[in-house]
Each structure stands twice: as C-alpha cells, then as structure tokens.
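Descriptive analysis of the structure
The residues making up each chain are set out below.
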Protein chains: 2
Amino acid sequence: MKKAEGTRLNILQKAFALIYEKGYQTTSIDDILATTQVTKGAFYYHFKNKDEMGIAIINELLRPILTSSFIAPLQNDKNPIDTIYNLMHYLLIEDEFLQVQHGCPVANFTQEMASWNKDFNHALNEITQQWVKTMAAVLVKGKEKGQIRDDINAKQVAMFVASGYWGIRNFAKLENDKKVYLSYLKELKRYLNTLK
Amino acid sequence: MKKAEGTRLNILQKAFALIYEKGYQTTSIDDILATTQVTKGAFYYHFKNKDEMGIAIINELLRPILTSSFIAPLQNDKNPIDTIYNLMHYLLIEDEFLQVQHGCPVANFTQEMASWNKDFNHALNEITQQWVKTMAAVLVKGKEKGQIRDDINAKQVAMFVASGYWGIRNFAKLENDKKVYLSYLKELKRYLNTLK
DNA sequence: TGCAAATAATACCTATTAGTATGTTTTTAT
DNA sequence: ATAAAAACATACTAATAGGTATTATTTGCA
C-alpha cells in the first residue's frame, strides 16, 4: 500500500469510529484531524468535502463489513432457521466491533442522513437491500428444501427480521445493557421456529 | 392560557417539528427562533439552554403523545392480538403526525442522544418502558383469559414487537415508501397469531 | 540526479453556533 | 395609578463549523 493510500484509509477508519460513537453531523472535520494527526491540507487532498468522505465510509468500510459479517454467514447450506438465528446471535453477542451503547452503524447513518442526503440514502439503501435480499434467498432455498413452510413470504420475513435487529439495537442503546439482546434472541428463536 | 405560556408552548411545538424533521443537533436555536418568530431573549427566558428545551419536549410533548397514541389504544378489553395489531396499523398507516420520511421521533431522539446525554436517556427510557410495560400487561391479561398461549413471555414479546416497530420505521425512512409498512404488518399479523 | 506531479502543511475566511448582557415593554398586584 | 416582577427585544461574544488559497515537502520516474 502506498503511503498516501494509508493516510486515506486512516482517515476513513478513524472517522468511521468517531461517527459510530458520536454521529455524523456532530463529528467535525477538526475532530477527525485531531484523532488522525492528519492536517487539513491532507484531508482535503483526499476528499472533496465531508460528505464525500461519508459516502466513502459507507462504500469502502460499511459495505465490506456488511458483506463479511452480515451476508457471508448466511451463505451456507444449513437450515435457514439456524443460519439466521446464529447470525443474529453473532451480531448481537459476539461481534467485537459493534458496541451496545452505539447501536448499529448502518441504522444510525440511516436515521441521521436518509431524508437529507440523496447520496447517503442511495448508498445505504443499496447495502441494506443486499442484506435483506440475501436473507430472503436463504429462506427461499429453505422452502425448496422443505425446511420452511410453503406459505411463508420470504422477503416479508427477511424484512421483519432485519427490522427487529435495527430496533433492538436502538433499545439496547437506551438501556445500555446487552441483556435486552438475550430477551430478543429468545423471542426471535421462537418466531423463527414458527416458519417451519 | 396566559400569553407567556403560549409562547413557551409555541417554541416547544415548532422546535419539536423541526427536530423531528432535521434531528436535534442540527436544529439550531436560530432555526427555532426563525420559525417561531420568537426572539432570543424570550427563548432564554423560558429555557435555561437548548438541552433543557429538549428535555421539555420529551416530557411535555412526546410523553402525552405516547400516552394518547401508543398506550391508550392498548387499554381496551378485546383480544390482545387484535389490539396490538390495530395499534401498529394505526401508528404506521393512519396517524397523521408521524411521517414516513422522518421515522419515529422517540427512536430518532434515542439514536441521536441516548449515549451522550444522561437526562435525555433517562426521559426517553422512561416513556419507552411505559409503552413496553403496557403492552406486556395486555398480553398477560390475554394469557389469563386464554387468548394467549400459556408459555408466552409477555415482556419478551412486547419488546420484540416494539423493536420491530422502531426498525420498520427506519427501513421506511430509507425507502421513503409506506409500502414496507404493509409488508411489515402482514408478517406482524402472522407472528401475533402464533401467540394464541 | 533532477524535475514534475503527488501529497501534505499552514494560515486564513466567512458563516453559524450556543449563549450572555443589558436593555425595554407588558402584566400583575396593591 | 404605580411599582415591582415577568416577559420579551436587541446587540453582542467567543468558539467552532466547513472550506479555501497558498506554500512546502515528498515521491516516482526519465
């Protein structure tokens, strides 16, 4: 990796961490410069403006995270019910990047920016759709294999599950306690079992 | 109502509308003054600072809305399944204040402020808990009447449902389309029916 | 090795931010 | 009617915001 690429990546990663903690609007360029030890000249060499950096974070950091942590675990040939439950368990309980007090970064971004920045909205919608579509595909496969009831609407279920995930992330933020995840997971398991 | 009370309420209501649209942090005092036609002197006569106004909005506007629109509809003696479904249908489809592109005001506030302002967190947690507790109580009553299965964990279900609500609000914001609500409601109905 | 392009550093600019200081007007109680 | 208190108005401040202009330093390559 060239050195310039390094500073760029450094900016993206540190900025992402700050934004995940504090939110996009309240993370200032100066905040980012302070924690990266990068100067303003360097920052604006790499990014036209703050929003371009935001989009880069979504496309270059969030998207890969989504692919590896949210989508890849769905792609196995086991029972969809276990697959989905295990994914949620991993995301809520085991994953070390996602912090209970800061919620889900994609949901945070969405909440903050969706109705105000077309580019953000588009990028976020794309990665979210990818997740939901993959989950739906898993369910369809399960239907074909007879693991999932025939009368189940896969897309509908996928969205229902994804919604629950975003919601419980917000709940846990409010209580600042992972315990709510356990309660959520129990009911999710019960719900998923009604699909077979 | 005394005139002074009127200006205070005017500030709270207009500020709330702005915050619901734009978020708390990005709604400036000057924004509020511009839309209320109130001067800075008047604003700071009524509120010590911006955060005090924010707390007042939660306690004096959000709380009553929650009581009347989220909690009161739960308090009838019908079947909990219909009661909860009808509430969600009302909130997502019929309610005229809640806008698809701006999500749920309580969820927005939570996402933005929960981990940063203790007072906000406390006020928001209180009203949210009240909603979940009421929903759980409705389910408990349903269990006693034999309308809900015995092995159901009421609190757990209430939280699961509330999470789904917050989540789908965020989803709809992303797609800026009420259609996702219809899909959500269908699956919610299916889910609720598994409780009996 | 030298020079152009890439990368970075510094100083600055204007707008906006929350908040204050100090006044004036309006209400209220006597 | 009048004085005191409540309610509001105006002009300001210091800090911070995102962004730019200009200059300096590295880097890759002929």
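About the criteria used
Residues numbered from 1 in each chain as written. Chains lettered and ligands numbered in written order. Predicted model: local features only at pLDDT ≥ 70, side-chain atom pairs only at ≥ 80, totals over all residues. Heavy atoms only, no water. Salt bridge = Lys/Arg side-chain N within 4 Å of Asp/Glu carboxyl O. Helix = DSSP H or I, 4+ residues; strand = E, 2+ residues; numbered from the N terminus. Contact = heavy atoms within 4.5 Å. Buried area = accessible area lost by both parts, 1.4 Å probe. Axes fitted to C-alpha atoms, helices over the stretch in contact; angles between N-to-C directions. Parallel < 35°, antiparallel > 145°, perpendicular 65-115°, else oblique. Nonpolar A, V, L, I, M, F, W, Y, C, P; charged D, E, K, R; others polar. Disulfide = S-S within 2.5 Å. Buried < 20%, exposed > 50% of the residue type's maximum accessible area, 1.4 Å probe, protein only. Least-squares fit on C-alpha atoms with pLDDT ≥ 70 in both. Left-handed = near helix turned anticlockwise from the far one by under 90°. Near = heavy atom within 4 Å. Expected span 1.5 Å × (residues − 1). Polar contact = N/O pair within 3.5 Å; in protein donor to acceptor, adjacent residues only side chain to side chain. Domains from an automatic or database assignment.

So, on to the pattern of salt bridges. Residue and element names in this part refer to chain B. Under the counting rule described, the total for this entry stands at 14 salt bridges over all chains. Put simply, Arg 190 and Glu 187 hold a salt bridge, and the shortest N to O gap is 3.0 Å. One end of the pair is Arg 190 and the other is Glu 187, both in helix H9 (residues 179–193) and three residues apart, which spans about a single turn.

A separate point is the interface of chain A and chain B. Contact residues are listed per partner, giving 46 residues for chain A and 46 residues for chain B. Taking both partners together, chain A and chain B bury about 4,200 Å²; carbon and sulfur atoms supply 62% of that area. The three residues of chain A that bury the most area against chain B are Gln 111, Phe 171 and Leu 174 of chain A, which together make up 18% of that side's buried surface. In this structure, the connection of chain A to chain B is made through zero salt bridges.

With that out of the way, let us pick up the packing of helix H4 (residues 50–71) of chain A against helix H7 (residues 118–144) of chain A. Residue and element names in this part refer to chain A. Remark: H4 packs on H7, axes separated minimally by 10 Å, with the N-to-C direction vectors making an angle of 5 degrees. When the interaxial angle is binned, H4 and H7 end up roughly parallel. Of the residues in H7, those touching H4 at Asp 51, Gly 54, Ile 55, Ile 58, Asn 59, Leu 62, Arg 63, Leu 66, Phe 70 and Ile 71 are Asp 119, Phe 120, Ala 123, Leu 124, Glu 126, Ile 127, Gln 130, Trp 131 and Thr 134. Its residues assigned to classes, the contact of H4 with H7 comprises 11 nonpolar, four polar and four charged.

On to the state of the cysteines. Joining two cysteines, a disulfide is a covalent bond between their sulfur atoms. In the structure shown here, the tally under the stated rule is zero disulfides over all chains. Here Cys 104 of chain A stays unpaired: no disulfide links it, and the sulfur of Cys 104 of chain B, its closest cysteine neighbor, is 17 Å away. Note on Cys 104 of chain A: relative accessible area 2%, which makes it buried.

Our next topic: the relation of the copies chain A and chain B. When chain A is fitted to chain B, the best match, at an RMSD of 0.0 Å, comes from turning it 180 degrees and sliding it 0.0 Å along the axis. Given the turn and translation reported, the copies of this chain are related as if by a two-fold rotation axis.

In this section: the packing of helix H1 (residues 3–22) of chain A against helix H2 (residues 29–36) of chain A. Residue and element names in this part refer to chain A. Running from N to C, H1 and H2 point in directions that differ by 120 degrees, and their axes come no closer than 9 Å. Here H1 lies oblique to H2, going by the angle between them. H1 and H2 meet at a crossing whose hand is right-handed. On H2, the residues that touch Asn 10, Ile 11, Lys 14, Ala 15, Leu 18 and Lys 22 of H1 are Asp 31, Ile 32, Thr 35 and Thr 36. Each residue belonging to the contact of H1 with H2 can be placed in one class, and the counts come to four nonpolar, three polar and three charged.

All right, on to the protein's contact with DNA strand D then. Neighbouring DNA strand D are 17 residues, the closest being Ile 29 and Lys 40 of chain A together with Thr 39, Tyr 45 and His 46 of chain B. Taking the atoms of DNA strand D that fall within 4 Å of the protein, sugar and phosphate contribute 67% of them. For the surface near DNA strand D, the elements supplying multiple residues, two or more each, are H2 and helix H3 (40–46) of chain A together with helix H1 (3–22) and helix H3 (40–46) of chain B. At five residues, H3 of chain B tops the list of elements feeding residues into the surface near DNA strand D. Across the surface near DNA strand D, the residue classes break down as five nonpolar, seven polar and five charged.

The subject of this paragraph is helix H5 (residues 80–94) of chain A. Residues and elements named next belong to chain A. With 15 residues, H5 ought to run about 21 Å at 1.5 Å a step, and its terminal C-alpha atoms sit 20 Å apart, in line with that. Taken together, the buried positions of H5 are occupied by Pro 80, Ile 81, Thr 83, Ile 84, Tyr 85, Leu 87, Met 88, Leu 91 and Leu 92. With a side-chain oxygen positioned 3.0 Å from the backbone nitrogen of Ile 81, the residue opening H5 is Asn 79.

Residue placement: Thr 27 of chain B occurs in the loop between H1 and helix H2 (29–36). In this view, Thr 27 of chain B contacts Leu 18, Ile 19, Lys 22, Ile 32 and Lys 50 of chain B; residues no more than four positions away in its chain are not counted.

Here we take up the domain arrangement of chain A. A common measure of how large an interface is: the accessible area buried when the components associate. Residue and element names in this part refer to chain A. In terms of domains, chain A is made up of domain 1 (1–47) and domain 2 (50–193). Here the C-alpha centroids of domain 1 and domain 2 sit 27 Å apart. Counting residues at the interface gives 19 residues for domain 1 and 23 residues for domain 2. For the pair domain 1 and domain 2, the two sides together bury roughly 1,800 Å², of which 71% comes from carbon and sulfur. For domain 1, the biggest contributors to the area lost against domain 2 are Phe 16, Tyr 20 and Tyr 24; these three give 50% of the whole. In this structure, the connection of domain 1 to domain 2 is made through one salt bridge. We note a salt bridge from Glu 60 to Arg 8, for which the minimum N-O separation is 2.5 Å. Our count for the domain 1 to domain 2 interface comes out at eight residue pairs in polar contact (both at pLDDT 80 or more). Broken down by secondary-structure element, the contributors of at least two residues to the side of domain 1 that touches domain 2 are H1, H2 and H3. Considering each element in turn, the side of domain 1 that touches domain 2 owes the most residues, nine residues, to H1. Its residues placed into classes, the side of domain 1 that touches domain 2 shows 11 nonpolar, six polar and two charged.

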